[in-house]
Every structure is written in C-alpha cells, then in structure tokens.
Amino acid sequence: MGKTKKSFSALQSEIEKLLQQQEALKTEKLEIILDEFRKAFKSKKLYERLCDTDDAKKVISKCLKDLGIDEKILSIKTVMNEIGRAKDKLLTPYDYAIE
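Since this is a predicted model, take the numbers as computed values, not measurements.

Looking at the overall build of the chain
Part 1 of the reasoning: Scanning the chain for helices and strands turns up four helices and zero strands.
Part 2 of the reasoning: Walking the chain from its N terminus toward its C terminus, one meets helices and strands in the order α-α-α-α.
Part 3 of the reasoning: The buried share among the 99 residues of the chain stands at 19%.
Part 4 of the reasoning: Here the contacts in the chain between residues at least 6 apart in sequence split such that 48% fall between residues at least 24 apart.

Have a look at this one:
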C-alpha cells in the first residue's frame, strides 16, 4: 500500500506540473496574439476606424492561423475576452505580459 500511495502522489505531482506548464503556455500564446493583433491593426491603420466584432474575429483568426495555433485549443472567444479584459484595465501588451 505504501508504494501505491507513493506512485499516486508522484503521478498527482506530475499532473499538476503539466497543468501549470499548459497554463503558462496558454498565457504566453495569448500575449503573442495580443501583440500580433496590435501589429495587424497598426500596419493596416485599422486602429483609425471602429472595429466591429466580425472584424476583430477575422483579425484574431488570422493571427491564430499565422501563429499555427488551433482554434480548438485557444478559441477566438477566449482571445476576445482576454483582449477585452486588458482593454478594461488599460494594459499595454507589455503590461499584460507581466501581469
């Protein structure tokens, strides 16, 4: 029983590490997407006009595709929510990265 308990504890620890790594990777990808989103708007001067939800979805979808990120792993809705949260807090991409 002692070995089983140790094995379970080791497995649980390993799973926790993997989950933490996955969360860190997700955050890193969101930071990259936010930066790509800003670059896409700036390079096309899209920031000079209002951007509706469909425009934002198209830009985010293109950013995800350019970065090779599957929308099933990181959805457009998740990215939009994070961008909205960053905007609400008036965060720059740098500020978002260190938050």
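Side note on the pattern of salt bridges
Part 1 of the reasoning: In the structure shown here, the tally under the stated rule is two salt bridges.
Part 2 of the reasoning: Where K62 meets D66, a salt bridge forms, and the shortest distance between an N and an O atom there is 2.7 Å. Taken together, the residues K62 and D66, both in helix α2 (residues 53-66) and four residues apart, mark about one turn of the helix.

Here we look at unusual backbone geometry
Part 1 of the reasoning: We note that L90 has phi near 55°; this positive angle belongs to a residue other than glycine.
Part 2 of the reasoning: Here L90 shows up in the loop between α3 (76-88) and α4 (93-98).
Part 3 of the reasoning: In this structure L90 comes out as exposed when scored by relative accessible area, which is 74%.

A look at α2
Part 1 of the reasoning: The end-to-end C-alpha separation of α2 is 20 Å, in line with the 20 Å expected for 14 residues at 1.5 Å each.
Part 2 of the reasoning: At the exit of α2 stands G68, carrying a positive phi of roughly 70°.

Looking at the nonpolar core
Part 1 of the reasoning: Judged by nonpolar contacts, the single largest core of 16 residues is most densely connected at I33, F37, I60, L64, L74, V79 and I83.
Part 2 of the reasoning: Looking at this core, the elements that each hand over two or more residues are α1 (2-43), α2 and α3.
Part 3 of the reasoning: Examining the composition of this core, we find that five residues originate from one element, α2, more than from any other.
Part 4 of the reasoning: Leave out the neighbours within four places in its chain, and I83 touches L34, F37 and I60.

Brief notes about the environment of L67
Part 1 of the reasoning: Its place among the elements puts L67 in the loop between α2 and α3.
Part 2 of the reasoning: Residues L67 and E36 lie 31 residues apart in sequence; the distance between their C-alpha atoms is 9.1 Å.

Section: the side chain of E82
Part 1 of the reasoning: Looking at the secondary structure, you find E82 in helix α3.
Part 2 of the reasoning: Discounting chain neighbours no more than four positions away, the residues touching E82 are L30 and Y96.

Some remarks on the environment of V79
Part 1 of the reasoning: Locating V79 in the fold gives a position in helix α3.
Part 2 of the reasoning: Counting along the chain gives 45 residues from V79 to L34, while the straight-line C-alpha distance between them is 8.1 Å.
Part 3 of the reasoning: Ignoring any residue separated from it by four or fewer positions in sequence, one finds V79 in contact with L30, I33, I60 and L74.

Looking at the packing of α2 against α3
Part 1 of the reasoning: Relative to each other, α2 and α3 sit at 110°, their axes nearing to 10 Å. By the angle between their axes, α2 is roughly perpendicular relative to α3. Here the hand of the crossing between α2 and α3 comes out right-handed. Across the interface between the two elements, T53, A56, K57, I60, S61 and L64 from α2 touch I76, V79, M80 and I83 from α3.
Part 2 of the reasoning: Among the residues forming the contact of α2 with α3, the class breakdown is seven nonpolar, two polar and one charged.

What counts and what doesn't
- Residues numbered from 1 in each chain as written.
- Predicted model: local features only at pLDDT ≥ 70, side-chain atom pairs only at ≥ 80, totals over all residues.
- Heavy atoms only, no water.
- Helix = DSSP H or I, 4+ residues; strand = E, 2+ residues; numbered from the N terminus.
- Buried < 20%, exposed > 50% of the residue type's maximum accessible area, 1.4 Å probe, protein only.
- Contact = heavy atoms within 4.5 Å.
- Salt bridge = Lys/Arg side-chain N within 4 Å of Asp/Glu carboxyl O.
- Expected span 1.5 Å × (residues − 1).
- Core = buried A, V, L, I, M, F, W, Y, C linked by side-chain atoms within 4.5 Å.
- Axes fitted to C-alpha atoms, helices over the stretch in contact; angles between N-to-C directions.
- Parallel < 35°, antiparallel > 145°, perpendicular 65-115°, else oblique.
- Left-handed = near helix turned anticlockwise from the far one by under 90°.
- Nonpolar A, V, L, I, M, F, W, Y, C, P; charged D, E, K, R; others polar.

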